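Below, each chain spelled out in residue letters.
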Amino acid sequence: MEMSSKRKFVSRKVLHQVKSHLKQGFVSAPLVDDTSIAGWFMGTQGANRELIKKLINTVIERTLDGRASLFPEDPEYITDQVKASEPYLQATQDVETKSDQLLNLLTRYSVPFSSLRYQGHMVWDITLPSIIGYLAGMLQDQNNVTPQASPATTLLEIIAANDISQMAGFNVRPLEDNIDSDEIFSWSHLTCGGTVANIESVWAARELKYMPLSIKHSMENDQQYTAIADNLTLPNGKLLKQASAWELLNLNQDDALALPAKMAELLNIDEADVWKTLGNTYSLNAKGMSFFHQKFLAAEHIKAPAIVVPSTKHYSWVKSTSLLGMGGGQKGLTEKQLTDINIIQDDAVLNVYVDAEGKVKTHLLQKVLDTCKQHKKPVIMNVAVVGSTEEGAVDPVEKLLAIRENYRKQPDSFEYTIHTDAAWGGYFLACIRNPFEMGEDPQSNKKSQEALFDNRDTWFRGSVYESMSQIHLCDSVTIDPHKMGYIPYPAGSLTYRNEKIINLLSFSAPYISSEADSESINTRNIGESGIEGSKPGAAATAVYLSHQAIRPDKRGYGNIINQSMLNSKIFYLYLATLDLAFPDDYFDLVLLSPLTKEQTKQRKTIMEMLWKRKASKHDLINQREVISFLRNIAGDQNIVDYVFVDKQNRSPERTLQLNNDLFEELSVPPGEPVAKDQIFVSMTTFNREDYGDEFMNALGDQLFENAEQVDSIPCIRSVILDPWAIYTHEHTPKGPFNFFTEIFIPKLREAVNKLCQP
């Protein structure tokens, strides 16, 4: 059913007004001890109280003034007489009482994520502009499902989503460009979160995989399309109607998406009409998987399709294939079983194990893909994780791209989508992204990689930089503003490298860029394509305003995140030298990613600098040797995983109990208020059936005598999001305050020692 009543265009007048705001540019204050960052947050103890009150009051006043001034002659229902009535007074008193009760409840029982004492889950404070943007959008009741309901916030979502896309280096279509061209532009939109974005990406990739088969079916059954069957060719010159099902399942993505335009040219009709016919009548969405299997796949003995993911995958990937009726796949297969087609032929999720650092094992990935190709098991998608949720690991994106490119060079091509799940790690791109302005009209694919990205001022290892700078060459990416973008939920995002793919997900008229007239711009199916329908315009205004005030490049978000990266590396070194500084503790600490042999030789020097001399931040980062050392510390992003071991009992059972007990003690107990002098961590458990032998044995060998016999290992996890933990401007007799050495680590040691005390 078409949503024909919903216009897909917004006024150019609105666009030009927004552009006039954006021309003011980004005001980059000189960074002195990160003081500009202090103006972007409420403060861990609400230090920006007056500023936030002023900003929020302005939002409310302007919103109410707008209501009062729009139709001043209209009668008002809430008169002075109504306000003086008893029912009115009772109702308003009830609202005040219940509001006060809610605030008391939230204040008493909420986890204090914004505190420097919180080094637990992937949550921290949210930016001031995102708060103002969200509140302003929410009060205007904007629903970003159609420009009729949201003529302003629909446009802001496009600009905000494009900004995320540009941060990653994708080629973004200029907002006022409504002319078809051969150039490939990206398309982005906001989602409620990374889970929905990941699910949608699988849906899109599956529809794309089977689209050439739907075209073949249309030419066999549609009289109009039958007329071009002898003229529609593939890039290799072969007629599409003569191609096998396996050949059509392995067309290059861009070649497949170009077919409707070729059909329209041969038929002398609008491309939109072709997309509409395919989508409504012949697509997988229209016909169902069973039809395609019986019509095309069974005769060629083509197996069930699959996505290939690393074992650090988020649960949303199994959820995506389950929702699409493909099944969830098996757990606990050996590496040999993963390459046995008799075992994996029906699996929709192929779980490739990771190495000791949590990165996908590319040699195993290659074997799995070779097995799928050899036995005609279509691969819909290969997922690279950039910022795994448990380890903060970054998969080698460049190697995944190289593997696919090698398949493309072979005479019998084997094709699949490459998606980057950077829900957590996407905003780390701001650390390496060279400055660009919001709403500008770049042609990113004409820029060199060096023009887009630069690693000189970051704490990333070279291999991590290489992987992150290749994301824009993938076919799609998930990036969540509500994670490392420090923006309120719900705010995820999904970017497609080739904008035409959204025609496969639209249940309305397809997006063809020339549809708009001179007075409007195409909103590119915001709200009509993808999984979600109605969604809050407040999410768009939050991302838009936060990006406008804090650019997602080196000048803004890059400064915040780079500082959190430094803090995580310093925290790592504190833990790595804890036994030297405090040899009488009753426990040992094992890091998921230990120091290298060369780094271990410098432990005593590091310990003396960190613990005895108590070096300031400038001491730590203003020496070339120290900078090089910090950059090469293991850990791709800002997550530090560590395991406590009782010196008296190093058994797996005691280790599990100890770390579980510690997590319970350093968490907010259900139904209890936050303790007055508490710190916070989070916890995860690594399982052999999920991660494989190499990862489990690398960690287990540091802990136990017979690591290969241990199937589960508990791990304390600290996600270091705050940029201030190692340096605050609050001075003590010892100098600037270091939260790690003065509060967090002493309390952590105290808690563990108490649990391990003889």
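Residues numbered from 1 in each chain as written. Predicted model: local features only at pLDDT ≥ 70, side-chain atom pairs only at ≥ 80, totals over all residues. Heavy atoms only, no water.

Q: I tried to follow the sheet that holds strand 8 (residues 492-496) on my own but got confused; where do I start?
A: One open sheet holds the seven strands; their spatial order is 2-8-7-6-5-3-4, and the pairing between them is mixed. Strand pairing shows two members of the sheet lacking a second neighbour, strand 2 (187-191) and strand 4 (349-352), which therefore form its edges. In this sheet, adjacent strand axes meet at a mean angle of 20 degrees when their direction is disregarded. Note: strand 6 (residues 417-422) against strand 7 (residues 476-479), four bridges, orientation parallel. Residue pairing for strand 7: A422 is matched across the bridge by I479. Along the sheet face, helix 7 (residues 153-168) touches strand 2, strand 7 and strand 8 and points at about 115 degrees away from the line of strand 2. (Pairing = 2+ DSSP bridges. Helix = DSSP H or I, 4+ residues; strand = E, 2+ residues; numbered from the N terminus. Axes fitted to C-alpha atoms, helices over the stretch in contact; angles between N-to-C directions. Contact = heavy atoms within 4.5 Å.)

Q: Looking at this structure, how should I read the nonpolar core?
A: Soluble, globular proteins show a tendency: their nonpolar side chains are buried together. Grouped together as the largest cluster of nonpolar side chains are 184 residues, with contacts concentrated most on Y427, Y642 and F644. Among the elements that take part in this core, helix 24 (residues 557-576) stands out by supplying twelve residues, more than any other. Apart from residues lying up to four places away in sequence, F644 is in contact with F587, D588, L589, T655, L658, N659, L662, I716, L748 and V752. Y691, M696, L703 and F704 belong to the second-largest nonpolar core, a separate cluster that totals 15 residues. (Core = buried A, V, L, I, M, F, W, Y, C linked by side-chain atoms within 4.5 Å. Buried < 20%, exposed > 50% of the residue type's maximum accessible area, 1.4 Å probe, protein only.)

Q: When you look at a negative patch on the surface in this model, what are you seeing that I'm missing?
A: On the surface, D661, E664, E665 and E750 cluster together into a patch of negative charge. A total of three residues in the negative patch trace back to one element, the largest contributor, which is helix 30 (residues 652-665). Position of E665 among the secondary structure elements: in helix 30. A residue is classified by how much of its surface remains accessible, and E665, at 36% relative accessible area, is partly exposed. (Patch = residues over 30% accessible without salt bridge, like charges linked within 9 Å, V, L, I, M, F, W, Y side chains within 5 Å. Areas by Shrake-Rupley, 256 points an atom, 1.4 Å probe, with all protein chains shown as cover. Salt bridge = Lys/Arg side-chain N within 4 Å of Asp/Glu carboxyl O. Lys, Arg positive; Asp, Glu negative; His and termini not counted. Charge placed at Lys NZ, Arg CZ, Asp CG, Glu CD.)

Q: Could you clarify how one ought to interpret the pattern of salt bridges in this entry?
A: Side-chain pairs of opposite charge can arise whenever the charged atoms involved come near each other. Within this structure, the stated rule accounts for 38 salt bridges. For E220, the salt bridge identified is with K295, shortest N-O distance 3.2 Å. Taken together, the positions of E220 in helix 8 (residues 194-221) and K295 in helix 14 (residues 289-297) put the pair 75 residues apart, joining distant regions of the chain. For K295, a relative accessible area of 38% corresponds to the partly exposed category. A salt bridge links E271 to K500; its shortest N-O distance comes to 3.0 Å. Placement of the pair is E271 in helix 12 (residues 271-282) and K500 in the loop between strand 8 and strand 9 (520-522), with a sequence separation of 229 residues.

Q: How should I be thinking about unusual backbone geometry in this particular structure?
A: With the exception of glycine, the majority of residues adopt a negative phi angle, and the majority of peptide bonds are in the trans configuration. Omega for the bond connecting Y489 with P490 falls within 30 degrees of zero, at 0 degrees, which places this linkage in the cis form. Mapped onto the elements, P490 comes out in the loop between strand 7 and strand 8. Look at H301: it is not a glycine, yet its phi comes out positive at around 55 degrees. With respect to the helices, strands and loops of the structure, H301 is situated in the loop between helix 14 and strand 3 (306-310). We note that K376 has phi near 55 degrees; this positive angle belongs to a residue other than glycine. Residue position: K376 is located in the loop between helix 18 (362-374) and strand 5 (379-385). Judged by relative accessible area, which is 29%, K376 ranks as partly exposed.

Q: Please explain the sheet that holds strand 11 (residues 639-646) as it appears in this structure.
A: Picture the strands of a sheet paired through backbone hydrogen bonds; they go either parallel or antiparallel. Taken in spatial order, the four strands make up an open sheet running 10-11-13-12, and their pairing is antiparallel. Only two strands of the sheet have a single partner each, and these edge strands are strand 10 (587-591) and strand 12 (682-687). Pairwise comparison of adjacent strand axes, ignoring direction, gives a mean angle of 40 degrees for this sheet. With six bridges connecting them, strand 12 and strand 13 (residues 712-719) associate as antiparallel partners. The residue bridging T685 from the neighbouring strand is P714, located in strand 13. Against the sheet, helix 30 makes contact with strand 11, strand 12 and strand 13, and its axis sits at roughly 120 degrees relative to strand 11, the strand it touches most.

Q: Got a minute to help me understand the packing of helix 6 (residues 128-139) against helix 23 (residues 537-549) in this structure?
A: How two helices sit against one another is set out by the angle between their axes and by the gap between those axes. Two elements in contact, helix 6 and helix 23, have axes whose closest approach is 7 Å; the angle formed by their N-to-C orientations is 145 degrees. In this structure, helix 6 meets helix 23 at a crossing whose hand is right-handed. In this structure, helix 6 contributes P129, S130, I132, G133, Y134, G137 and M138 to the contact, and helix 23 contributes A538, A539, T541, A542, L545, S546 and A549. Class assignment for the residues of the contact of helix 6 with helix 23 results in nine nonpolar, five polar and no charged. (Left-handed = near helix turned anticlockwise from the far one by under 90°. Nonpolar A, V, L, I, M, F, W, Y, C, P; charged D, E, K, R; others polar.)

Q: Please explain the pairing of strand 8 as it appears in this structure.
A: Looking down a regular strand, the side chains alternate between one sheet face and the other. Of all five residues making up strand 8, five are buried, and the element is well covered by its neighbours. Burial of strand 8 is two-sided: the residues G492, L494 and Y496 facing one way and the residues S493 and T495 facing the other way are all buried. In the sheet, strand 2 pairs with strand 8 via five bridges, with the strands oriented antiparallel. Along strand 8, the bridge assignment pairs S188 with T495. Pairing analysis gives three bridges linking strand 7 to strand 8, with the strands arranged antiparallel.

Q: What's the story with the pairing of strand 2 in this structure? I'm lost.
A: Across the five residues that make up strand 2, a large majority, five, are buried. A two-sided burial pattern is seen for strand 2, the buried positions comprising W187, H189 and T191 on one face and S188 and L190 on the other.

Q: When you look at the packing of aromatic side chains in this model, what are you seeing that I'm missing?
A: The geometry of an aromatic ring pair comes down to the distance between the two centres and the angle between the two planes. Considering all chains together, one arrives at 28 aromatic pairs under this definition. Measuring from ring centre to ring centre gives 5.2 Å for Y407 and F414, while their planes differ by 75 degrees; the resulting arrangement is edge-to-face. Across the pair, exposure class does not vary: Y407 and F414 are buried alike. An aromatic cluster is defined as three or more aromatic residues linked by ring pairs; in this entry it consists of F571, Y574, F587, Y642, F644, F740 and F744. (Phe/Tyr/Trp six-rings, centres within 6.5 Å; stacked < 30°, edge-to-face > 60°.)

Q: What should I look at first to understand the side chain of K569 in this one?
A: One can find K569 in helix 24. This buried residue, K569, is left without a salt bridge; D636 holds the nearest opposite charge, at 7.6 Å. Not counting residues within four places of it along the chain, the set of residues in contact with K569 comprises W459, L630, R631, I633 and G635.

Q: I would appreciate a short explanation of the confidence of the model for the protein chain in the present structure.
A: Detailed reading of the predicted coordinates is not advisable wherever pLDDT falls low. Here the protein chain averages 88 in pLDDT, while 89% of its residues score no lower than 70. Every residue in residues 1-7 is under pLDDT 50, and counting partners more than four places away or in other chains gives 15 contacts. Predicted confidence for residues 29-33 stays below pLDDT 50, and this span has eight contacts to residues more than four positions away or in other chains. (pLDDT = per-residue confidence, 0-100.)

Q: Would you mind going over the packing of helix 8 against helix 14 with me for this structure?
A: As a packed pair, helix 8 and helix 14 sit with axes 11 Å apart at the nearest point and diverge in direction by 70 degrees. Between helix 8 and helix 14, the angle falls in the class roughly perpendicular. Taking contact as the criterion, the partners of Y210, L213, S214, K216, H217 and E220 in helix 8 are, on helix 14, M289, F291, F292, K295, F296 and L297. Residue composition of the contact of helix 8 with helix 14, grouped by class: seven nonpolar, two polar and three charged. (Parallel < 35°, antiparallel > 145°, perpendicular 65-115°, else oblique.)

Q: How should helix 32 (residues 693-700) be read in this particular structure?
A: Because each turn of an α-helix spans 3.6 residues, side chains separated by three or four positions end up pointing in the same direction. Residues of helix 32 that are buried: F695, M696, L699 and G700. End-on view of helix 32: buried residues confined to an arc of 120 degrees, all on one side of the axis. Residues of helix 32 that are buried sit in contact with strand 10, strand 11, strand 12, helix 31 (688-691) and strand 13. (Arc of directions from axis to C-beta.)

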